[in-house]
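Structure at a glance
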Amino acid sequence: MQIQEDFDLRHFNTFHVSAHARYFVEVSTILELSTALDFQKTHDLPFILIGQGSNLLFKEDYPGLIIELNIRGIKKLGETRERIHVKASCGENWHEFVQYCLQKEYFGLENLSLIPGTVGAAPVQNIGAYGVELSDFLHELEAIRISDGQLRTFSRDECELSYRHSVFKGELRDQYIITSVTLALLKKPQLKLTYPALKTALQDYAQQEITAQLVSDVVCQIRRSKLPDPLTLGNAGSFFRNPVVSQDIADSLKAQYPDIPIYPYEGACKIAAAWLIDQAGWKGYREGDVGVHKDHALVLVNYGNARGEELFDLSQRIQQSVQEKFGIELEPEVRII
């Protein structure tokens, strides 16, 4: 473990914006994490954690310590008649973990294939895609309390998971570091194929041909067709959350805009943010090296040497225009530093 100074973060965020951290360290064990936290406290530094930088926008240099979590490990803990409990360390790549589970015939995560990031980041915003959320399978997780280094186990209920939210983004924000996640996965597939894009993509397959691996492969195809590869075009996937509104607001919007995509969600309604941004005229927009992807209005992109501040400014202009046109406030899904 080596703490580095004046560290360039260009290759540690998928927007590929250049920003410098005063200090940077990669940790691969709980002990190294504790040592890094001791350094942070001794020097009275602000700090942030990163996995693979897939949900971050650095709009300026960071004056503190950045800790890259690279703690690895996957193990089967036990099983019941219907479920298998699998524990994964926080630094495991999420998509690789999904594929590992499929190879072992641990089912349930196939719809969550190709979501960027790490296992440790998954519960923080309760990742979800194509009709499945992490909350459907989370059993418990372990996290270190930053103030005193104590390890605590959180049950699924204690995590308070909801749409793109958890207790770690709310009441306990910046108080814990998730070190491992235990999921209760299925022994037999219970495929969820109701999401429109997925249903359409599978319509030509016979029922007996549709396996969990096929669902994963098709989800990957859909995601790749819609979302640019951050290795070739800097982006962080969906920049904004899909807003959740009351039924009354949804009905009012539907009366004004009959084509607006609205989906029921936990007693309320979820609206497609991409549609709102597209209707506000931003899809395909480009100014210098910043822009909105031509195929997906939710994706802000760095075409080369954009500064984080420029991308942040573009996001604010998009928010303002959607607010003015539809009366809806978009919230960033990307963490802005």
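So, here is what we can say about the structure in this document.

Cut-offs applied
Residues numbered from 1 in each chain as written. Predicted model: local features only at pLDDT ≥ 70, side-chain atom pairs only at ≥ 80, totals over all residues. Heavy atoms only, no water. Salt bridge = Lys/Arg side-chain N within 4 Å of Asp/Glu carboxyl O. Buried < 20%, exposed > 50% of the residue type's maximum accessible area, 1.4 Å probe, protein only. Helix = DSSP H or I, 4+ residues; strand = E, 2+ residues; numbered from the N terminus. Axes fitted to C-alpha atoms, helices over the stretch in contact; angles between N-to-C directions. Parallel < 35°, antiparallel > 145°, perpendicular 65-115°, else oblique. Left-handed = near helix turned anticlockwise from the far one by under 90°. Contact = heavy atoms within 4.5 Å. Core = buried A, V, L, I, M, F, W, Y, C linked by side-chain atoms within 4.5 Å. Lys, Arg positive; Asp, Glu negative; His and termini not counted. Phe/Tyr/Trp six-rings, centres within 6.5 Å; stacked < 30°, edge-to-face > 60°.

A separate point is the pattern of salt bridges. Counting across every chain of the model gives 17 salt bridges. Glu-79 is the partner of Lys-76 in a salt bridge, and the nearest nitrogen-oxygen pair spans 2.7 Å. Look at Glu-79 and you get partly exposed, because its relative accessible area is 44%. A salt bridge links Glu-287 to Arg-317, with the shortest nitrogen-to-oxygen separation between them at 3.4 Å. Placement of Glu-287 in strand E17 (residues 286-287) and of Arg-317 in helix H7 (residues 308-326) is noted, with a sequence separation of 30 residues between them. What you see here is one network of salt bridges that share partners, running through Lys-76, Glu-79 and Lys-187.

Running from amino to carboxyl end, helix H2 (residues 94-103) crosses helix H4 (residues 212-226) at an angle of 160°, the nearest separation of the two axes being 10 Å. In terms of their interaxial angle, H2 and H4 are classed as roughly antiparallel. The handedness of the crossing between H2 and H4 is left-handed. Of the residues in H4, those touching H2 at His-95, Gln-99 and Leu-102 are Ala-212, Gln-213, Ser-216 and Cys-220.

With that settled, consider the nonpolar core. In this structure, Phe-15, Phe-58, Ile-66, Leu-276, Ile-277 and Ile-318 are the most contacted members of the largest nonpolar core, which totals 46 residues. It is H7 that contributes the most residues to this core, 6 residues altogether. In this structure, Ile-277 is in contact with Phe-240, Trp-282, Lys-283, Ala-297, Leu-298, Ile-318, Val-322 and Leu-330, ignoring residues within four places of it in sequence. In terms of nonpolar packing, the next biggest core, distinct from the first, is built from 45 residues, Leu-134, Leu-138, Phe-154 and Ile-178 among them.

Relative to the assigned elements, Lys-270 resides in strand E16 (residues 268-271). Here Lys-270 is buried and forms no salt bridge, its nearest opposite-charge partner Glu-133 lying at an N-O distance of 5.4 Å. Residues within four places of Lys-270 in sequence aside, it is in contact with Tyr-163, Asn-242, Pro-243, Val-244, Pro-261, Ile-262, Tyr-263 and Tyr-265.

Let's shift gears to the packing of aromatic side chains. Aromatic ring pairs are described here by two measures, namely the spacing of the ring centres and the angle between the planes. In the structure shown here, the tally under the stated rule is 15 aromatic pairs. For the ring pair Tyr-23 and Phe-39, a centre distance of 5.2 Å and an interplane angle of 80° mean the geometry is edge-to-face. With Tyr-23 in strand E2 (residues 20-27) and Phe-39 in helix H1 (residues 30-42), the pair connects residues that are 16 residues apart, well separated along the chain. Like Phe-39, Tyr-23 is buried. For the pair Trp-275 and Phe-326, a centre-to-centre distance of 5.8 Å together with 50° between the ring planes defines the contact as tilted. With Trp-275 in helix H6 (residues 273-279) and Phe-326 in helix H7, this pair connects stretches of sequence that are 51 residues apart.

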